[in-house]
Amino acid sequence: MTDPRYGGIAVLDFGSQYTQLIARRVREQNVYAEVFPFDADPAKVNAHEPRGYILSGGPSSVYEPGAPQLAHWMLKRNQETHTPILGVCYGMQALTHALGGIVSPSQAREFGPAQIQQTQYSPLLHGLPGQMNVWMSHGDRIEQPPSGFLPLAESDNSPHAAMGDLTRGLYGVQFHPEVVHTPQGAEILHNFIFGICGCEANWSPASFIEDALAAIRAQVGDEKVLLGLSGGVDSAVAGALIHRAISDQLTAIFVNTGLLRLNEPEDVVRVFQDEQGMNLIAVDATENFLEGLQGKTEPEQKRKLIGKLFIDTFAESARHLQGVKFLAQGTIYPDVIESAANSKSAHVIKSHHNVGGLPDDLQFKLVEPLRDLFKDEVRKVGTALGLPDHIVWRQPFPGPGLAVRCLGDITWERLETLRQADAIFTEELDKAGLLMRGTAQAFAVLLPVKSVGVMGDQRTYEEVIALRAVTTDDFMTADWARLPYDLLAKVSNRIVNEVRRVNRVTYDITSKPPGTIEWE
């Protein structure tokens, strides 16, 4: 079978917050897209023989010293192989600058919605309205396009809102077609991907699974693989995929920290051991974690302690297994991008290892079958593998679990209070059709304060629950979900009546930024 990653689109990242969205929008059209730093090794960029390049936006001004520049090899490749290039915002300016055009500060910057008017026909804007609403975010503009470029569209403040050299297949747009605020953005990308680059729609869950199974078998051979199974969608899908590839060569370790949501430990054992037939070692380390967290209230201290306890528990179980050469992890593509793993100049934002920092006597080779997938693609693969919906669509959950949602002292009693309140919230959201498909993430938080109330004609002084629900495309920014008042009222009523020790419920209406999605 031909690798479905071949013949797709390579996305060069110049520092835009929207770069991941470009790749996602391409993949939504069943074409593989991969993100690379702007200064990446061309051998890596071209490893899967992309049929086109997209240059992302970025925060710099291309004419300033030290600003990221378009690599010369890309223009040479375009000249030799006619591989098309599309520059988006800063990417358009980098393309202009590299080809001898002029980019300068704009007297009237454009941030937010704008309207463009097509000035002449082009394959890039084929079949689209003469006037279109788009999303702009730039302070510089093209004053003089490079030789051979024609203006394709204009806006009030950008005489070259879109431009192109149709003969060489070089295009640029000053706006962002990848964001939802550009309604025809998907059609513009479609025209570039298929009409200009000639890509084929080969990227799908089925094609990925077939290719991944072969790759896992080739990497692992007859050796044994160990998986840290959390119950979250990433490790669950990774486990199901590896189990299908090598069956009993896989052993999964599930550590119950006591910090999971209601009934999750039992559910993990039932689905993966009983239904999927996976070799599963379930370790109940609840008492160790609660003892270690006693008196710990500072968020970062809690996170570090939980991470160490998890590694110690996992390592102890792993030492009882013989002949294991590989460690499987549910690393996904945003993890790889944020780790800046392939960049010669980018800063590392996060270090992503589900089971990192293992002792020296437990060193494994990594198996990361999902490292090319976005979260929505992971879910599609999970469904195609036959995992139940409640696993595939499980709410995102932080590594430290309820410890970062139980603010203040962490005790079994407070965790049980939080578990029950959280279960009520998610249950009602599910009934209303708003769980996951209507909200990106929703959960309850137990606050480190008490409030006065009246219940049964008696004064109470009990704990406070805060509800949090957000909508987001990428989790880098998020807005609070506008849940129906009747739904919130029902959830509040159920919590104060069904959950002991709670007499007040609040709803968090903070966006990200300035807040974060989690409270700690």
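Residues numbered from 1 in each chain as written. Predicted model: local features only at pLDDT ≥ 70, side-chain atom pairs only at ≥ 80, totals over all residues. Heavy atoms only, no water.

Some words on helix 14 (residues 412–431)
Then, in step 1: With 20 residues, helix 14 ought to run about 28 Å at 1.5 Å a step, and its terminal C-alpha atoms sit 28 Å apart, in line with that.
Then, in step 2: Two residues or fewer past helix 14, Gly-433 is found with a positive phi of approximately 75°. (Helix = DSSP H or I, 4+ residues; strand = E, 2+ residues; numbered from the N terminus. Expected span 1.5 Å × (residues − 1).)

Points about the pairing of strand 15 (residues 441–455)
Then, in step 1: Looking at chain direction, strand 15 and strand 16 (residues 458–471) are connected through 12 bridges and run antiparallel. Across the sheet, residue Ser-451 finds its bridge partner in strand 16, namely Glu-462.
Then, in step 2: The turn linking strand 15 back onto strand 16 is made up of 2 residues, and Gly-456 within it adopts a positive phi angle of 65°. (Pairing = 2+ DSSP bridges.)

Re the sheet that holds strand 10 (residues 224–228)
Then, in step 1: The parallel open sheet is built from 5 strands, whose spatial order is 12-11-10-13-14. Strands with a single pairing partner mark the edges of an open sheet, and in this sheet they are strand 12 (279–284) and strand 14 (365–367). Each adjacent strand pair in this sheet contributes to an overall mean axis angle of 30°, direction not counted.
Then, in step 2: Where strand 11 (residues 250–256) lies against strand 12, 6 bridges are found, and the strand directions are parallel. Residue pairing in the sheet places Asn-256 in a bridge with Asp-284 of strand 12.
Then, in step 3: Contacts from helix 10 (residues 299–318) reach strand 10, strand 11, strand 12 and strand 13 (324–328) within the one sheet, and its direction differs from that of strand 11 by about 140°. (Axes fitted to C-alpha atoms, helices over the stretch in contact; angles between N-to-C directions. Contact = heavy atoms within 4.5 Å.)

Side note on the pattern of salt bridges
Then, in step 1: For the coordinates displayed, the defined rule picks out 29 salt bridges.
Then, in step 2: The partner of Lys-325 in a salt bridge is Glu-223, and the shortest N-O contact between them spans 3.8 Å. Placement of Lys-325 in strand 13 and of Glu-223 in the loop between helix 6 (205–220) and strand 10 is noted, with a sequence separation of 102 residues between them.
Then, in step 3: We classify Glu-223 as partly exposed; its relative accessible area is 31%.
Then, in step 4: Glu-428 is paired through a salt bridge with Lys-490; the nearest N and O atoms lie 3.5 Å apart. Separated by 62 residues along the polypeptide, Glu-428 in helix 14 and Lys-490 in helix 15 (residues 485–498) bring together distant segments of the chain.
Then, in step 5: By relative accessible area, which is 43% here, Lys-490 ends up partly exposed. (Salt bridge = Lys/Arg side-chain N within 4 Å of Asp/Glu carboxyl O. Buried < 20%, exposed > 50% of the residue type's maximum accessible area, 1.4 Å probe, protein only.)

Notes on the nonpolar core
Then, in step 1: In terms of nonpolar packing, the biggest core is built from 49 residues, with Leu-226, Leu-358, Phe-425, Ile-465, Leu-467, Leu-483 and Ile-495 touching the most fellow members.
Then, in step 2: Each residue touching Leu-226, except ones within four places of it in the same chain, is listed here: Leu-250, Thr-251, Ile-253, Phe-314, Ala-318, Leu-321, Val-324, Phe-326, Leu-327, Ala-328 and Phe-364.
Then, in step 3: By size, the runner-up hydrophobic cluster in this structure holds 41 residues, among which are Ile-216, Ala-236, Leu-250 and Leu-370. (Core = buried A, V, L, I, M, F, W, Y, C linked by side-chain atoms within 4.5 Å.)

Concerning unusual backbone geometry
Then, in step 1: In the segment running from Lys-512 into Pro-513, the intervening peptide bond is cis, with an omega of -10°.
Then, in step 2: Note that Pro-513 resides in the segment after strand 18 (502–507).
Then, in step 3: For Asn-30, which is not a glycine, the phi torsion comes out positive at approximately 65°.
Then, in step 4: Locating Asn-30 in the fold gives a position in the loop between helix 1 (19–27) and strand 2 (33–37).
Then, in step 5: The backbone of Glu-49 shows a phi angle near 50°, a positive value even though the residue is not glycine.
Then, in step 6: Tracing the chain through its elements places Glu-49 in the loop between helix 2 (42–45) and strand 3 (52–55).

Focus on the packing of helix 7 (residues 233–246) against helix 12 (residues 375–384)
Then, in step 1: With their axes 10 Å apart at the nearest point, helix 7 and helix 12 run at an angle of 45° to one another. With respect to each other, helix 7 and helix 12 are oriented oblique. Crossing of helix 7 over helix 12 shows left-handed handedness. Residues Val-233, Asp-234 and Val-237 of helix 7 pack against Lys-375, Val-378, Arg-379, Val-381 and Gly-382 of helix 12.
Then, in step 2: Tallied by class, the residues present in the contact of helix 7 with helix 12 amount to 4 nonpolar, 1 polar and 3 charged. (Parallel < 35°, antiparallel > 145°, perpendicular 65-115°, else oblique. Left-handed = near helix turned anticlockwise from the far one by under 90°. Nonpolar A, V, L, I, M, F, W, Y, C, P; charged D, E, K, R; others polar.)

Quick look at the environment of Gly-453
Then, in step 1: The topology assignment puts Gly-453 in strand 15.
Then, in step 2: Each C-alpha atom, one on Gly-453 and one on Phe-326, is 55 Å from the other, the two residues being 127 residues apart in sequence.

Focus on the confidence of the model for the protein
Then, in step 1: When pLDDT is averaged across the protein, the result is 89; 94% of the residues are at 70 or more.
Then, in step 2: With pLDDT under 50 throughout, residues 341–353 is counted as low confidence; its partners more than four residues away or in other chains account for 22 contacts. (pLDDT = per-residue confidence, 0-100.)

Quick word on the side chain of Ser-207
Then, in step 1: Considering the arrangement of structural elements, one finds Ser-207 in helix 6.
Then, in step 2: The class of Ser-207 is buried, set by a relative accessible area of 8%.

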